[in-house]
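Structural overview for review
The residues making up each chain are set out below.
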Amino acid sequence: MNVDLSSYLGLSAMLFSIGVVGVLVRRNVIVLFMCIELMLNSVNLTLAAFSSFLGDQTGQVLVFFVMAVAAAEAAVGLAIVVSFFRNKQTVNIDEINILKW
Amino acid sequence: MSIELLLFYLFGSIAVGTGLAMIVQRNPMISALLLIGNFFCIAGLYLLLQQQFLAVIQIVVYTGAIMVLVIFVIMLLNLGDEQRMAERINLWQSIGIALVAGFLAEMAYIVMFRGRNDVHAAMYPDAGTLGTTEAIGNALFTKFLLPFEVTSLLLLVAIVGAVILAKRRVQ
Amino acid sequence: MPYQLIGVAVFLPLLGFIINGLLGSRIKSERLIGLIGSGTVGISFAIACAIFFAMLGAPVEQRSHTVEYVRWISTGTLNVSFAYQLDQLSVLMMLIVTGVGFLIHVYSIGYMHGDPGFWRFFAYLNLFIFAMLNLVMADNFLLLFLGWEGVGLCSYLLIGFWYDRKFEKGTTGDAAKKAFIVNRIGDFGFLIGMFLIFEMFGTLNFNDVFAQASTLSVGNTTIMWMTLALFLGATGKSAQIPLFVWLPDAMAGPTPVSALIHAATMVTAGVYMVARCSVLFALAPVTMTVIAGIGVATALLAASIGLVQNDIKKVLAYSTVSQLGYMFLGLGVGAFAAGLFHVMTHAFFKALLFLGSGSVIHAMHEEQDIQNMGGLKKYMPITYWTFFVGMLAIAGIFPLSGFFSKDEILWKTFSSGQVLLWGMGLVGAALTAFYMARLTTLTFDGTERFDHHHLHPHESPATMTVPLVVLAVLSVIGGFVGVPHSLGGSNAIEQWLEPVFARAHSKLLHAPHGEGAVEYVLMVLSVGVGITGIWLARRWYLSKPEIPKMLATRFGPLYNLLRDKYKVDELYDAVIVTPIHKTSEAFLWKIFDVKIVDGVVNGVPKLIALFSSLARKVQTGIAQSYVFVFVLGVVVILGILIMK
C-alpha cells in the first residue's frame, strides 16, 4: 500500500474533527483560538494534497492566502480578547455571553 | 514499505497525538507548545507532498508568528489552569462529540467508497516543479495578482484594527 | 358662428369662480367682485341669445348642433367627451338659467352687501351656474351627471353659507347636509338608471341612445325599471314625493340662493332630465303613470302644507314643491312641451316672489314671520306691486304667464283621459291661489303688526328693485310664447320644442288631443278657481281675520297635521334615520370595527411578536452553542449528499 490521496484526506479529516471537539469542550478563549487554527491547518493540508495529486497550482496558492488570512484573524482576535479581559477580568467563554437576546 | 509511507505514518500519528493532547491539556501554555509541535508535523507533511515553499511558510508564519503571538498573550493575561474535563462536560457537549464522530464516519465513507480511482493512484509526476518558490511566486504575480493585492489590504486593516482594539484607553 | 362659443359661455362662470374664489378675499371692492360674478353670467346670457337667434334663423332640420371639446373617457366601449348639444331644448334651458341667473346675481350685489363672505357667495354662485350649464348642455349622460352632482354640491355650499347660524332645531349645516344626503338617495337611482342604459344601449351619448330607443316598442320591462330609476333621481333633485323633505329646510340659505337654486334652476334639473329622455319614458307607460300620479299628489300635498305656514320663505318653498308637481304632471301625461313651458314661467314668477320676499326680509331686519308683518305696501311700493304681479301669475290669472302654462298642463291632462288627475290639479290650483293671496295680504296689506319704534322699513336699493321689475315684466308677457291654438295663438313654444319630442310623441299610446269647446270651459274653470281663491283669502285676512282663527280651532287636529307638514320628517327619522344610526353605532362600530377590524390589525403584530419571542431564544450568546449548530448542519448536509 502506498500513500495516496485518500490517506491525506483521512488524516486531514481526523485533525479537523479533533479541532471541532476542542472548540466544543474547551472553556478558555485562547485555547479555543488554537483549536480553530488546528482546523484551518487541516483544511490547508487537504488543499495541498489535492494540489499535488491533481497537478494544479491553485491549491497551493490558496493555502498561501489562507495562511495570510489566518494570521490577520489571529492578531485581531487576540486583540479583542485582550481588550475584553481588561473589562471583565475573565477569559472563560461561558461568561463572555453579552451578545444574547 | 517505502520511506515515504513510513514518514507519512510518523508525521501523521504525531500530528494526531499532539492534537488530542492539546485539547485535553489543562494548562494553556502546554497546549500552545503542543500545537507548535503539531505545526511542525504538518510542515513535514508538506515536504512529503513536495511543496517546499509551503512547508517553510508554515513554520515561519504559523509557528514563528502566530503561535508566538498566542504565547505572548497567554503570558500577558497570566491565566491559570482549567478544570478537569470530566467535571464540566454537559449534555450538549456530549451530543456535539457524538455528532463529530458521525461526521468522521461520513468522511471515512466518502473517502473510501466514493473517490475517483484515477486520482487515488499516485502523485502528479511533476509535482516538485509546482511547489518551488519560483513557481508559486510566478503564479502569485500573474494569475493571482488581484487576490494578492487584496490580501495586502486585508493585512493593513488587520494591523490597524489590532492596534486600536488593544489600546489602553487614555484616562 | 355663435355655436362654437358655447364653450366660452359654459366655462366663463368657472373662470369667475376661480377668480372670486382665489382672490376674492383680497379684493376689497364689493362692486368689483359683484361685477366679475355677474359679468361672467351676463356674457354667457349674451352668447345664449346669439345662439338662440342663430337657431331661429336656421331651418328646422339644421337647428341641432353638437360642439365637442375634449375627449374625457375613452376605454373599450365607453366613449364620453366634454361635448355640448345645442338643440331647442338645451338652448331654452340655457336662456332661463343664464337670464334669470344674471338677474339674481345683480340682485345679490345689493342683498349681500356688507356680508363678510361676499366674495365666497359670488364664487359659489358662479360655480353653480357652471355646473348647471354643464347639466343642461351636456350631450351625454355622464356629463349631465357631472353637472347634476355639481349643482348638488353648490346647493350644499350655499345652503350652509352662513355656517355659524342656528336654524330651527339644528344649524344651517344640518339643513345643508340634509339636502345633500337626500339628493344622494336620488342620485343612486340616477346611477342605476345610467348603468341600465349603458348595459342596454352600449353608449351614454344622448343621440345614440335615443336613436336606438326609438326602434324599440312599448312595454319593455328593462326600460320600465330604467325610467323608474331615473325618475327616482328626478324626485331627489326636484323635490317630489318621497324625497321632497330637503327643500323646505333649504330655506336656511340666503334668499338669492333660494331664488336661483331652489326655485328657478336646480330643482328644474329633474324636469329637464325627464324631458330630455322623453323617448325612454314614452316607451314605459307604467312610469308615465307613476310620474303623473306622484306629480299631482306632491302638488296637492305641498299646497295643503303651504296653507298654514307662517314663515314667508317656507310658504314659497312649499309652493315651489307644488309647482314642480305640476311640471311632472305635464310630463307624465305626455305633454313634455307644456311641462317645460311651466318651467320657464315658474322661473320668472317664483324667482320674482323669492327676491321680493328677500327685499321684505331685508327691510324687516331679518324678520321672516308673516304674523309680525303687515301694511308694508306703503313703505315698499315697488316690492309690493311686483310681488302682487307674481302672485297673480302663480294663481293662473289670465293673461299672465302662469295662466298659459298651468292651463296647458291641465288641459293636456284632461284631454288625455286622466280626469281624476285633472280634478286634483284643479283643487291644487285653488289652494295655490289661496295661500299665495294669504301670503301677500298678511305681508303687505292690513294693519301693521310690527314694532314701529324699532323697525323702519323702506324700499330696497336699485340693484334689488330693478331685477324685481324685470322679472315682473317677464311674468306678465312670458306666457305669450305659448298661446294655444284655441285662443288664436300658434303655441310657439310647443312648435319650437316639437323636433326634440318627436320620437317620444310617436310612441305615446294616447297622445293628448282634444276638442275646442271643452278647452274653453276648462280655461274658464281654472281662472274662476284662481279668482275665487284670491278673493276668499283677501276677504278673510283683510276684513274678517276671525274666520281663519275659528277654522283653525275647529279643525284643530287637521290644522296641526298640516302645520307639522304631515310629520313626514319625523316619519323618515323614525323609520330610516334612527335605525341606521343605531345599527351603525351598536353593530358596525362597536362590534365590527372595534373587535373584528382592530382585532385583525392588532392581531397580526401580536402573532409576529409571539413568533419572535420564540425565535430569539436561539441567540444565547455562547459561542459553543453556535458551533454545535454548525456541526449539526454539516453532518446533516453531508448525509443528504451521501444519500443522493
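In case you missed it, the structure is sitting above this.
Summary of the structure given here.

Calculation rules
Residues numbered from 1 in each chain as written. Chains lettered and ligands numbered in written order. Predicted model: local features only at pLDDT ≥ 70, side-chain atom pairs only at ≥ 80, totals over all residues. Heavy atoms only, no water. Helix = DSSP H or I, 4+ residues; strand = E, 2+ residues; numbered from the N terminus. Buried < 20%, exposed > 50% of the residue type's maximum accessible area, 1.4 Å probe, protein only. Contact = heavy atoms within 4.5 Å. Areas by Shrake-Rupley, 256 points an atom, 1.4 Å probe, with all protein chains shown as cover. Rg over C-alpha atoms; globule rule 2.2 N^0.38 Å. Buried area = accessible area lost by both parts, 1.4 Å probe. Salt bridge = Lys/Arg side-chain N within 4 Å of Asp/Glu carboxyl O. Polar contact = N/O pair within 3.5 Å; in protein donor to acceptor, adjacent residues only side chain to side chain. Nonpolar A, V, L, I, M, F, W, Y, C, P; charged D, E, K, R; others polar. Pairing = 2+ DSSP bridges. Phe/Tyr/Trp six-rings, centres within 6.5 Å; stacked < 30°, edge-to-face > 60°. Lys NZ or Arg CZ within 6 Å of the ring centre and 35° of its normal.

Attention shifts here to the overall build of chain C. Within chain C, the secondary structure is distributed over 25 helices and 4 strands. Considering only C-alpha atoms, chain C reaches an extent of 115 × 65 × 55 Å along its principal axes. Out of the 644 residues belonging to chain C, those deemed buried represent 56%. A separation threshold of at least 6 residues defines the contact pool for chain C, and within that pool the share at least 24 residues apart is 81%. Counting every atom, chain C has about 26,000 Å² of accessible surface; 70% of that belongs to carbon and sulfur.

This part takes up the overall build of chain A. Within chain A one finds 3 helices and 0 strands. Walking chain A from its N terminus toward its C terminus, one meets helices and strands in the order α-α-α. Expected size for 101 residues packed as a compact globule is a radius of gyration near 13 Å; at 17 Å, chain A overshoots this value by more than 25%. Structurally, chain A occupies a C-alpha span of about 55 × 25 × 25 Å along its principal axes. By the burial criterion, 63% of the 101 residues in chain A qualify as buried.

A separate point is the interface of chain B and chain A. Contact with chain B, which involves 79 residues of that partner, is made by 67 residues of chain A. Carbon and sulfur atoms make up 76% of the surface buried where chain B meets chain A, a total of about 6,600 Å² over both sides. Taken together, the connections running from chain B to chain A amount to 0 salt bridges. Here chain B and chain A share 12 residue pairs in polar contact (both at pLDDT 80 or more) between them. For the side of chain B that touches chain A, the leading source of residues is helix 3 (residues 52-77) of chain B, giving 14 residues. Class assignment of the residues belonging to the side of chain B that touches chain A gives a composition of 60 nonpolar, 12 polar and 7 charged.

Time to look at the interface of chain A and chain C. Facing 13 residues of chain A, the contacting portion of chain C comprises 12 residues. Buried surface at the junction of chain A and chain C, both sides included, amounts to about 970 Å², of which 65% is carbon and sulfur. Scanning the region where chain A abuts chain C turns up 0 salt bridges. At the boundary of chain A and chain C, one finds 3 residue pairs in polar contact (both at pLDDT 80 or more). For the side of chain A that touches chain C, the element with the most residues is helix 1 (residues 5-25) of chain A, which contributes 4 residues. A breakdown of the residues in the side of chain A that touches chain C according to their chemical character gives 9 nonpolar, 1 polar and 3 charged.

Both strand 1 (residues 65-75) of chain C and strand 2 (residues 78-86) of chain C contribute to a ladder of 9 bridges, which runs antiparallel. Within the sheet, the bridge partner assigned to Ser 74 of chain C lies in strand 2 of chain C and is Asn 79 of chain C.

Attention now goes to the environment of Gly 202 of chain C. Residue and element names in this part refer to chain C. The residue Gly 202 is located in the loop between helix 6 (172-201) and helix 7 (206-213) in this model. Gly 202 gets classed as partly exposed once you look at its relative accessible area, which sits at 31%. Spatially, the C-alpha atoms of Gly 202 and Met 273 are 19 Å apart, while their sequence positions differ by 71 residues. In this structure, Gly 202 is in contact with Thr 77 and Ile 197, ignoring residues within four places of it in sequence.

Residues and elements named next belong to chain C. According to the stated counting rule, one finds 11 salt bridges over all chains in the structure shown. Note that Lys 177 and Asp 174 form a salt bridge whose closest N and O atoms lie 4.0 Å from each other. Of this pair, Lys 177 and Asp 174 both sit in helix 6, 3 residues apart, which is roughly one turn of that helix. Close ionic contact of Glu 408 with Lys 412 constitutes a salt bridge, the shortest N to O distance being 2.7 Å. In this pair, Glu 408 and Lys 412 both sit in helix 17 (residues 401-415), 4 residues apart, roughly one turn of the helix. Across the pair, Lys 412 and Glu 408 agree in class, each one buried.

Turning next to unusual backbone geometry. Residues Ile 241 of chain C and Pro 242 of chain C are joined by a peptide bond in cis, for which omega reads 0°. Residue position: Pro 242 of chain C is located in the loop between helix 8 (221-237) and helix 9 (246-249). The phi dihedral of Gln 50 of chain B is positive, around 65°, even though this residue is not glycine. The phi dihedral of Ala 239 of chain C is positive, around 55°, even though this residue is not glycine. Position of Ala 239 of chain C relative to the elements: it lies in the loop between helix 8 and helix 9. By relative accessible area, Ala 239 of chain C is classed as buried at 0%.

All right, on to the pairing of strand 2 of chain C then. Consecutive side chains along a regular strand alternate between the two faces of the sheet. By the criterion of burial, strand 2 of chain C is predominantly enclosed, with 7 of the 9 residues buried. Counted along the chain from strand 1 of chain C to the antiparallel partner strand 2 of chain C, the turn is 2 residues long, and its residue Gly 76 of chain C has a positive phi close to 55°.

Turning to the side chain of Asp 249 of chain C, a few remarks are in order. All names here are of chain C. You can see Asp 249 is positioned in helix 9. Residue class for Asp 249 comes out buried when judged on its relative accessible area of 12%. If near-sequence neighbours (up to four positions away) are discounted, Asp 249 is found in contact with Ile 159, Phe 167, Glu 168, Ala 175 and Lys 178.

What follows covers the packing of aromatic side chains. Residue and element names in this part refer to chain C. A complete count under the given rule lists 38 aromatic pairs over all chains for this structure. Aromatic side chains Phe 404 and Phe 480 sit 5.9 Å apart centroid to centroid with 65° between the ring planes, which places their arrangement in the edge-to-face category. Residue Phe 404 is found in helix 17, and its partner Phe 480 is found in the loop between helix 19 (462-477) and helix 20 (492-507); the two are separated by 76 residues along the sequence. On the accessibility criterion, Phe 404 (3% relative accessible area) is buried. Judged by relative accessible area, Phe 480 falls into the partly exposed class, the value being 46%. Of the aromatic side chains, those joined through ring pairs into one cluster are Phe 118, Phe 121, Phe 122, Phe 161 and Trp 162. Looking at Lys 406, its charged tip hangs above the ring of Tyr 326, at a distance of 5.3 Å from the centre.

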